[in-house]
Amino acid sequence: MPSCKYDWPAAGQRKHIGKRISRIDGPDKSSGRAKYTYDVNRPGILFAKVVGSPYAHAKVTSIDTSEAEKLPGVKVHIVQGVGTEIHWAGSEILLVAAPAEEVARDAAQRVKIDFEVLPHLVHEEDLSKVGDRGKPTAEQKTGDAAAAFSDPDAVIHEGYYGSAIIAHCCMEPHGQVVEWTPDGNLRAWESTQNVSGMPKEYADALGIPVTNVRVMTPHMGGGFGSKFGADRWGSECAKFSKAVGKPIKMMLERDLELVMAGARPPHYAKVKVAAKKDGTVTAWESDSWSTGGPTGGGIPPLPYALNDIPNVTKRHTAVATNIGPIRAWRAPNHPQAAVLTLCALDDLAAKLNMDPMDFFQKNAGLGGERADMYRQELTKAAELSDWKKLWHPRGTKIAGNVERGLGLSLHTWGGRGHNSRGTVTINPDGSVEVAAGSQDLGTGTRTVIALTAAETLGLEIKDIKVSIGDSALLPSGASGGSTTVGGVSSMTRRGAIDAREQLFAAVAPSLGVPPDQLEAVDGKIQVKGSAAKSVSWKQACAKLGMNSIKAEGKNPGPCELISSGVGGVQVADVSVDIETGLVKINKMVAVQDCGLVLDLKTAESQCYGALIMGISYALHEEKIMDNATGRMLNPNMEFYKLAGIGDIGELVVHMMTGPGYDERGVIGLGEPPVISPGAAISNAVANAIGVRIPTIPITPAKVLAALEKGGVA
């Protein structure tokens, strides 16, 4: 492929790319200088609280706010009035606001609302009990699964698998501060993954031009897929603010965050899978079901990752429930699909008396274009986990009450960079700024932009100012689908090269060469390969006179700087106490590719964070719904369990880089490494105790129940 002026620098010419670069906003965050939505307090601000429905399915029959409005300064805004049908517990009926947060909280408790209670459904795991709430989708077929299962030489396994509903648990809850200016413009400080897209949502809800809305997110404390929209409470806060003529701040408290702010949907399936006696997988059949709340549920991508099985039949049922909104959660549907697929295949390997590492190596070709990468990653994962030394067949009894086991999983994701625009400005004093309407969820967006600009301009990372988190800047896509790093880095690369060329044109006459004979290296503009014929960066910029250079970078654009499609393999090493049912993580190994790694430190950090989240959802997390009341029983951080630091064990991350990987360009990494932990840990527990725990989270109670049915104990 011919070279292009925007190409990433070759491996031997990279100063910053691929190194371990600390986040440039780390000092601000660790010192408290970084300001979040919670830190915004405008003059005359009112604090708002939500009054929601206590019932999962009901009709509002009356609303009495008189007692609430007796408190000083209290204002009330109806969201869903009398006659509205409510479809989940917690659904907002009205907002109350007051000059003090404690007064608003007191006022919310004084509101009296009457309901006509209607039948509800909050549990979908038992498909036989959902009645007409279940809507089967069309059967999908490839090849002839029935014939493959009928083969007399086929080894067949049938099993049931599932993944429970969990919440996002962002450290910073959802919320916003909204304020109207005297000229009728709305300003919103929002905790959002979608700074550039948010103004249109507000504008549509309020019936005003999108140019009248400005959204700002200087910093945010996590989203994981739950913070793409303003939500109904956001747009209603804006209406409320306009009605009362004051700024309004509403941040969800932890109970409402867990109840109202969305969740990762559950998925369950009955799976039948077959292989030849040599371990070659030949057929798949599944009946799966899930819920997306009142609107039903999406279809999981089954069979997952190794999806080129020649004979496949699959059916799915979408179940409508009264559990509230379902939202994207880091690699939507993939963690659940990994459990349903990779656990079934691991059980098939056990039935074949095959080492799972050998089994998945043999079937890596079912991964399509990622087959060779899976093979390389499986080999590396086996090495880093001491697989051949530590793995044992299921049912091998170890002396004592603690059993050890290993399990693996593999995964895939897209990750192509989103559309992004931004400006690169070089000023006569030598200062450089990159500005774009992107956001940093805490993953290092600012750092990636800065290092890309510094690499391109021959500067240090500290020399680059990055301005993001403001919809007044050129638009950049939402941070979802692992698309941000590819989008903003390629935008920055193109803009910085165009700006650099303009600077070369200004400097070339003084160095006596054409502009295309110059390069930017180590804080200088010099004749290519000749440091003696150079001027310092500041001297070069001074030649701009009174004018700054401003170049716009875009993605997509010329040259292939990004691509799509990654794979990864993970191994879990666990110990299970067969007397208490407790599962301990000894070690988690993650082997991951993502094309060209810009910042090795933040790339590894993405994987570490994903492993921690994965351990948490595999062993602890579940949004527990009560059949009788339709309410969430654990809407707090006491009973909604998350993994603590003592639950994590040793984490080992290996990024696949170099030839065969770097030339693919930048690919997103936010989601793929969180997909496999649930399946890998479930497989490790099955290896340890000799029996499958069919659903995650794998709690002590489930372990003990499975052992009673016949594990190694």
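This text goes with the structure placed above it.
Below: a short report on this structure. (Residues numbered from 1 in each chain as written. Predicted model: local features only at pLDDT ≥ 70, side-chain atom pairs only at ≥ 80, totals over all residues. Heavy atoms only, no water.)

## A word on the packing of aromatic side chains
Link 1 in the chain: One pass over the structure, following the stated rule, counts 7 aromatic pairs.
Link 2 in the chain: For the ring pair Tyr-55 and Phe-115, a centre distance of 5.4 Å and an interplane angle of 70° mean the geometry is edge-to-face. One end of the pair, Tyr-55, is in the loop between strand 1 (46–52) and strand 2 (58–64); the other, Phe-115, is in strand 6 (residues 112–117), and 60 residues separate them in sequence.
Link 3 in the chain: Given the relative accessible area of 30%, Tyr-55 is considered partly exposed.
Link 4 in the chain: Of the residues examined, Phe-115 reaches a relative accessible area of 16% and is grouped as buried.
Link 5 in the chain: With a centroid separation of 6.4 Å and an interplanar angle of 10°, the aromatic rings of Tyr-160 and Tyr-268 are classed as stacked. (Phe/Tyr/Trp six-rings, centres within 6.5 Å; stacked < 30°, edge-to-face > 60°. Helix = DSSP H or I, 4+ residues; strand = E, 2+ residues; numbered from the N terminus. Buried < 20%, exposed > 50% of the residue type's maximum accessible area, 1.4 Å probe, protein only.)

## As for the side chain of Ser-682
Link 1 in the chain: As for its position among the elements, Ser-682 is in helix 16 (residues 677–689).
Link 2 in the chain: Its relative accessible area of 3% is what places Ser-682 among the buried residues.
Link 3 in the chain: At 2.9 Å, the side chain of Ser-682 forms a polar contact with the side chain of Arg-692.
Link 4 in the chain: For Ser-682, the residues in contact, after removing those within four places along its chain, are Cys-343, Arg-692, Ile-693, Ile-696 and Ile-698. (Polar contact = N/O pair within 3.5 Å; in protein donor to acceptor, adjacent residues only side chain to side chain. Contact = heavy atoms within 4.5 Å.)

## Details of the pairing of strand 27 (residues 566–577)
Link 1 in the chain: Counting buried positions over the 12 residues of strand 27 gives 12, a clear majority of the element.
Link 2 in the chain: With burial as the criterion, each face of strand 27 is covered, one bearing Val-566, Gly-568, Gln-570, Ala-572, Val-574 and Val-576 and the other bearing Gly-567, Val-569, Val-571, Asp-573, Ser-575 and Asp-577.
Link 3 in the chain: In the sheet, strand 19 (residues 402–413) pairs with strand 27 via 12 bridges, with the strands oriented antiparallel. Opposite Leu-410, over in strand 27, you have Val-569 as the bridge partner.
Link 4 in the chain: Both strand 27 and strand 28 (residues 583–593) contribute to a ladder of 9 bridges, which runs antiparallel. Pairing of Asp-573 across the sheet is with Lys-587, part of strand 28.
Link 5 in the chain: The turn linking strand 27 back onto strand 28 is made up of 5 residues, and Gly-581 within it adopts a positive phi angle of 85°. (Pairing = 2+ DSSP bridges.)

## Some details on empty space enclosed by the protein
Link 1 in the chain: Taken as a whole, this structure holds 4 cavities of 30 Å³ or more when the rule is applied.
Link 2 in the chain: Along its surface, the largest cavity is lined by Thr-137, Ala-138, Gln-140, Ser-286, Ser-288, Ile-299, Pro-300, Leu-302, Lys-314, Arg-315 and His-316.
Link 3 in the chain: With 3 residues, strand 18 (residues 311–319) is the largest single contributor of residues to the lining of the largest cavity.
Link 4 in the chain: Split by residue class, the lining of the largest cavity holds 4 nonpolar, 5 polar and 2 charged. (1 Å grid on protein atoms, 1.4 Å probe; cavity = no way out; pocket = protein on both sides within 12 Å on 5 of 7 lines; lining within 4 Å. Points joined across faces, edges and corners; volume = space filled by probe spheres on them. Nonpolar A, V, L, I, M, F, W, Y, C, P; charged D, E, K, R; others polar.)

## Digging into unusual backbone geometry
Residues other than glycine predominantly adopt negative phi, and peptide bonds predominantly adopt the trans conformation.
Link 1 in the chain: Here Asn-555 and Pro-556 are connected by a cis peptide whose omega angle stands at 0°.
Link 2 in the chain: With respect to the secondary-structure elements, Pro-556 resides in the loop between strand 26 (549–555) and strand 27.
Link 3 in the chain: Of note, the bond from Ile-696 into Pro-697 is cis; its omega dihedral lies within 30 degrees of zero at 10°.
Link 4 in the chain: You can see Pro-697 is positioned in the loop between strand 30 (695–696) and helix 17 (700–708).
Link 5 in the chain: A positive phi angle is found at Arg-330, which is not glycine, with a value near 20°.
Link 6 in the chain: As for its position among the elements, Arg-330 is in the loop between strand 18 and helix 8 (334–351).
Link 7 in the chain: One non-glycine residue, Asn-333, adopts positive backbone phi at about 75°.
Link 8 in the chain: Note on placement: Asn-333 falls in the loop between strand 18 and helix 8.

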